Amino acid sequence: MSYTSASVISPLLQELFHGLFIIDFAKCTQLSALMIVLYDYAITFEQEMSYLWKTRFNFVKVLFLLNRYYILISAIVIICLLNAAQLSTLSCVHYMLWQIWSIIVTSTLTQAILQARLYGLYSKNKKILAIMIPLYVLSIIAAVVLVVKSTGEVTAAHEIIAFPINRGHYCIVTSIPRFSLAYWIPGFAFELLLCALAIKKAFGHFKLYGSYYTTGVRIVDVLVGDSIVYFLVIAMVYVSCIAIWIADLERIDTPLGFELTISSTLCSRMVFNMHGALDKRDINQTIDSDETD
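Figured I'd write up the structure that's included with this text. Everything numeric here is computed off the predicted structure, so don't read it as measured data.

All right, on to the packing of aromatic side chains then. Overall, the coordinates contain 9 aromatic pairs when judged by the stated rule. Within the aromatic cluster, the residues linked to one another by ring pairs are Tyr 183, Trp 184, Phe 188, Phe 231 and Tyr 238. Sitting over the face of the ring of Tyr 122, Lys 201 holds its NZ or CZ atom 5.2 Å from the ring centroid.

The next subject is helix H4 (residues 126–156). Relative to the 45 Å expected for 31 residues at 1.5 Å per residue, H4 spans 45 Å between its end C-alpha atoms, a close match to the ideal helical length. Every buried residue belonging to H4 is among Ile 128, Met 132, Tyr 136, Ser 139, Ala 143, Leu 146, Val 147, Ser 150, Thr 151 and Val 154, and all of these are buried. Of the residues that open H4, the one with a side-chain oxygen 2.9 Å from the backbone nitrogen of Lys 127 is Asn 125. At the C-terminal side of H4, His 158 shows a positive phi close to 55°.

This part takes up the nonpolar core. Counting residues in each nonpolar core, the largest one holds 60 residues, and the members touching the most others are Leu 118, Leu 121, Ile 160, Tyr 183, Trp 184 and Trp 245. Sorting the residues of this core by element identifies helix H1 (2–53), helix H2 (59–82), helix H3 (89–121), H4, strand E1 (160–165), helix H5 (184–209), helix H6 (215–247) and helix H7 (254–292) as the ones contributing at least two each. When residues of this core are assigned to their parent elements, the largest contribution, 13 residues, is made by H3. In this structure Leu 121 touches Ala 198, Lys 201, Val 220, Leu 223 and Val 224, once residues within four positions along its chain are discounted.

Let's shift gears to the side chain of Glu 191. Within the fold, Glu 191 resides in helix H5. At 12 Å, Arg 117 is the nearest oppositely charged side chain to Glu 191, a buried residue that forms no salt bridge. Within the structure, the side chain of Glu 191 is placed 3.2 Å from the side chain of Gln 111, a separation counted as a polar contact. With residues up to four places along the chain from it excluded, the contact list for Glu 191 reads Gln 111, Tyr 230, Phe 231, Ile 234 and Tyr 238.

Taken as a whole and judged by the stated rule, the model has 4 salt bridges. With a closest N to O distance of 3.6 Å, Lys 149 and Glu 153 form a salt bridge. Note that Lys 149 and Glu 153 are positioned in helix H4 at a spacing of 4 residues, about one turn of the helix. Lys 149 gets classed as partly exposed once you look at its relative accessible area, which sits at 46%. Judged by relative accessible area, Glu 153 falls into the partly exposed class, the value being 37%. Among the ionic contacts, a cluster of salt bridges with common partners joins Asp 40, Glu 48, Arg 68 and Arg 269.

Cut-offs used in this document
Residues numbered from 1 in each chain as written. Predicted model: local features only at pLDDT ≥ 70, side-chain atom pairs only at ≥ 80, totals over all residues. Heavy atoms only, no water. Phe/Tyr/Trp six-rings, centres within 6.5 Å; stacked < 30°, edge-to-face > 60°. Lys NZ or Arg CZ within 6 Å of the ring centre and 35° of its normal. Helix = DSSP H or I, 4+ residues; strand = E, 2+ residues; numbered from the N terminus. Expected span 1.5 Å × (residues − 1). Buried < 20%, exposed > 50% of the residue type's maximum accessible area, 1.4 Å probe, protein only. Polar contact = N/O pair within 3.5 Å; in protein donor to acceptor, adjacent residues only side chain to side chain. Core = buried A, V, L, I, M, F, W, Y, C linked by side-chain atoms within 4.5 Å. Contact = heavy atoms within 4.5 Å. Lys, Arg positive; Asp, Glu negative; His and termini not counted. Salt bridge = Lys/Arg side-chain N within 4 Å of Asp/Glu carboxyl O.

Just geometry here; none of it tells us what the structure is for.
Here you go:
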């Protein structure tokens, strides 16, 4: 009799420990993502004050501030929801929707900033806008349609539940439609296009100037280099998200916080690097003018 009881209790304990591990793992990953945001904010606050708050507002600055502070607010909301002990199924649905829509908002803002950089890189050529903007809108529409359709099916089938464990309720996604994996494709394809445009401009500049160095060439190098690094990192993040979604559905929300954090943080650093290059150009021009005088 005792052997039978132990054989029944043992799987239950294993399931309980596994559930607690998944919950703690999700909390740690989301908290880590928040710490990355706070750390980056702390070490770049002086740059923000120097490069942005002391200059007049423009469209790119508004995009930057929305991107920089929305991700901070989003990370705090996610941590608060994840650590709420008594969650209902409706709260879990809102928690998952907040994460997914936050990714769409963040990618929309970062891609808009990338386009503004490329527009300047191509000397405000309207043809570049004619290429980028329609594809940008299409990628957003495709992502939104996939999210609306997949979340609609998941919520209708009650695949998002508040699972009772250890005197609390925690959010679990039991299944997602297979086509949900296609969510990452539109954004990846569009950012691949932006990276290709930056590389094309880099080749044009190299043919024109070769190894000759000027402050203008330095700015182009910064813009192109940052664009390539951004794309490579985001590509790895997208691949990681897809791999986790395929391999372990229990950790579906694990990579989302890092996707939000990394894309937003890298975009902010790109803006700071651009302003830093422009600041060096102004200093060099001042020195040259003083020597001429």
